[in-house]
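What follows is each chain in one-letter form.
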There are 2 protein chains.
Amino acid sequence: MRDAYHEELDSIGDGLVEMARLVGSAIGRATTAILDSDLKLAESVIEADAKVDELQHGLEARAIALLARQQPVATDLRIVVTSLRMSADLERSGDLAQHVAKLARLRYPNRAVPQDLHATILEMGQLAQRLMAKAAEVIVTKDVDLALQLEQDDDAMDLLHRTLFQHLMDDRWKHGIETAVDVTLLGRYYERFADHAVSVAKRVVYLVTGEHADEIQAADIQPEIQPVAGAESA
Amino acid sequence: MRDAYHEELDSIGDGLVEMARLVGSAIGRATTAILDSDLKLAESVIEADAKVDELQHGLEARAIALLARQQPVATDLRIVVTSLRMSADLERSGDLAQHVAKLARLRYPNRAVPQDLHATILEMGQLAQRLMAKAAEVIVTKDVDLALQLEQDDDAMDLLHRTLFQHLMDDRWKHGIETAVDVTLLGRYYERFADHAVSVAKRVVYLVTGEHADEIQAADIQPEIQPVAGAESA
């Protein structure tokens, strides 16, 4: 009986990894779509999000069924409840990748991102994808060190976000308001995507150690970062 | 024994209502702070968010303890799991109210919102606050009709958001890039806040009817709304 139970628990973990894999791929492809103004690719990302939503619904249904049937306590209960939260993070990440793709579609055949911000957006997209790949790895390996590393990668995302804003606010900005609005939203999408990847990793830390990631890192010296508009991630 | 149990369940409901009350007040005060450039008020909103986070942590701990001790099934299990999700929505709404307040603080003593958008932002702030007040009422009364009404109110938010974007994209925009960025982010904060209020109400519908709100409303004629950049709420 307990074997079938742990199989169910494993299948929930597998579902989370699959979701992370899909949304990681989605943010990568959405980034390509918006940088290349590739309508077909954008549309494939938009459509693919349904699969992520479906996975989430299935995963939630299994988690709730497991709670009802097996009535887990202690660690197992924590795993199931935390999995529900992680699936919500991943589902939302999928939405954000979809937002990037929808912006690509909206501006097609034009490019939403001007050439001088191409590299920054590419870097944000790649970092977002890497963060999600690491989050998936953390789900599989339960590697606390790797999980804590994600927070540092997220600092890099904050820096990129800041770079983006500095560029926007520069007096030499010549791309007009529409592009400024697009770039502002894009920056926010990537930043939130990264937040959700970090959140997934933090939840694994909590599962493994029983402590919140912030507490573990409290002794570390945090890089000094000044707040800028739109860099809110809390 | 069951009495103590239902008392616990009620106390979780009370916690949700209290959270909704606090974040509803926060978005109202944050809106005043940003429109009046009131630094003290902005700071009080920023500080007050800790109380919302604290409520969420307490509520989650009680919900998990209740799952472990009482091992509810069927409807009661659904209530507890759904409460966890609602508390996540409300916590995030609090963050968004805090973002509005932080923007007010960042631009102080200047005003982040130009005079010609004052009325639109005021309306968005008021609507956000009303939506959350209704969400709180839905938690208390479990009134499905009122819950469905929130989705229509959210259409009004989408319209306001669209108005904001039209204004931004207008060739006569004369407030520069920084203000365009601020207004873009503000619009997004209010829109997401409203999404979370609607989400809370939808979850109550699901609890009461076992059906998702979308299915219930499927027969209704949806207003035709064209997508614009930044109006993504999915």
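An unreviewed UniProt entry annotates chain A as Phosphate-specific transport system accessory protein PhoU originating from Streptomyces bullii. Word for word, the UniProt comment on chain A under Sequence similarities (unreviewed entry) is "Belongs to the PhoU family."

Engineer: Help me out: how do you make sense of the relation of the copies chain B and chain A in this one?
Structural biologist: One copy of the chain maps onto the second through a rotation about an axis and a displacement along it. With an RMSD of 0.0 Å, chain B superimposes on chain A once it is rotated by 180° and translated 0.0 Å along the axis. Considering both components of the superposition, the chain copies are consistent with a two-fold axis. Here 98% of the interface residues in chain B have copies in chain A that are interface residues too; the copies meet face to matching face.

Engineer: Where do I start with the packing of aromatic side chains in this structure?
Structural biologist: Think of a pair of aromatic rings as described by two things: how far the centres are apart, and how the planes are tilted against each other in angle. For the coordinates displayed, the defined rule picks out zero aromatic pairs over all chains. Seen from the ring of Tyr-206 of chain A, Arg-78 of chain A lies directly overhead, with NZ or CZ sitting 5.2 Å from the centre.

Engineer: Looking at this model, I keep getting lost on the nonpolar core. Mind explaining?
Structural biologist: One recurring pattern in soluble globular proteins is that nonpolar side chains are buried together. In this structure, Ile-34, Leu-186 and Tyr-190 of chain A together with Ile-34, Leu-186 and Tyr-190 of chain B are the most contacted members of the largest nonpolar core, which totals 153 residues. Setting aside anything within four residues of it in sequence, one finds Tyr-190 of chain A in contact with Ile-27, Thr-31, Ile-34, Val-100, Ile-121, Met-124, Gly-125, Ala-128 and Met-157 of chain A.

Engineer: Just to check I follow, could you spell out the interface of chain B and chain A for this structure?
Structural biologist: You'll often see interface size given as the accessible area lost when the parts meet. Across the boundary between the two partners, chain B contributes 42 residues, which contact 41 residues of chain A. Together chain B and chain A conceal approximately 3300 Å² of surface at their shared face, both sides included; 67% is due to carbon and sulfur atoms. Here chain B is connected to chain A by two salt bridges. Along the contact surface separating chain B from chain A lie three residue pairs in polar contact (both at pLDDT 80 or more). Contributions of two or more residues to the side of chain B that touches chain A are made by helix H2 (39–70), helix H3 (74–107), helix H5 (144–169) and helix H6 (176–209) of chain B. No other element matches H3 of chain B, which puts 13 residues into the side of chain B that touches chain A. The residue inventory of the side of chain B that touches chain A, partitioned by class, reads 24 nonpolar, seven polar and eleven charged.

Engineer: Looking at this structure, I do not really get the pattern of salt bridges. What am I missing?
Structural biologist: Opposite charge on two side chains lets them pair, provided their charged atoms get close. Scanning all chains against the criterion turns up 24 salt bridges over all chains. The salt bridge involving Arg-107 of chain A is made with Asp-182 of chain A; its shortest N-O contact spans 2.6 Å. Taken as a pair, Arg-107 of chain A in helix H3 (residues 74–107) and Asp-182 of chain A in helix H6 (residues 176–209) lie far apart in primary sequence, 75 residues in all. By the burial criterion, Arg-107 of chain A is buried, and Asp-182 of chain A matches it. Note that Asp-89 of chain B is salt-bridged to Arg-203 of chain B, the shortest N-O span being 2.9 Å. In this pair, Asp-89 of chain B is assigned in helix H3 and Arg-203 of chain B in helix H6, connecting sequence segments 114 residues apart.

Engineer: How should H3 of chain A be read in this particular structure?
Structural biologist: Since one α-helical turn is 3.6 residues long, residues separated by three or four positions face the same way. Helix length check: H3 of chain A (34 residues) gives 50 Å between terminal C-alpha atoms against 50 Å at 1.5 Å per residue, within 8%. A large share of H3 of chain A lies buried, amounting to 27 of its 34 residues.

Engineer: Where do I start with the confidence of the model for chain A in this structure?
Structural biologist: Interpretation of this model should avoid reading the predicted coordinates in detail wherever pLDDT is low. Summing up the model confidence of chain A, the mean pLDDT is 90 and the portion of residues at 70 or higher is 90%. Counting interchain partners and residues more than four positions distant, the pLDDT-below-50 stretch residues 218–231 of chain A has 22 contacts.

About the criteria used
Residues numbered from 1 in each chain as written. Chains lettered and ligands numbered in written order. Predicted model: local features only at pLDDT ≥ 70, side-chain atom pairs only at ≥ 80, totals over all residues. Heavy atoms only, no water. UniProt positions renumbered as here; feature names shortened; annotations may be inferred. Least-squares fit on C-alpha atoms with pLDDT ≥ 70 in both. Contact = heavy atoms within 4.5 Å. Phe/Tyr/Trp six-rings, centres within 6.5 Å; stacked < 30°, edge-to-face > 60°. Lys NZ or Arg CZ within 6 Å of the ring centre and 35° of its normal. Core = buried A, V, L, I, M, F, W, Y, C linked by side-chain atoms within 4.5 Å. Buried < 20%, exposed > 50% of the residue type's maximum accessible area, 1.4 Å probe, protein only. Buried area = accessible area lost by both parts, 1.4 Å probe. Salt bridge = Lys/Arg side-chain N within 4 Å of Asp/Glu carboxyl O. Polar contact = N/O pair within 3.5 Å; in protein donor to acceptor, adjacent residues only side chain to side chain. Helix = DSSP H or I, 4+ residues; strand = E, 2+ residues; numbered from the N terminus. Nonpolar A, V, L, I, M, F, W, Y, C, P; charged D, E, K, R; others polar. Expected span 1.5 Å × (residues − 1). pLDDT = per-residue confidence, 0-100.

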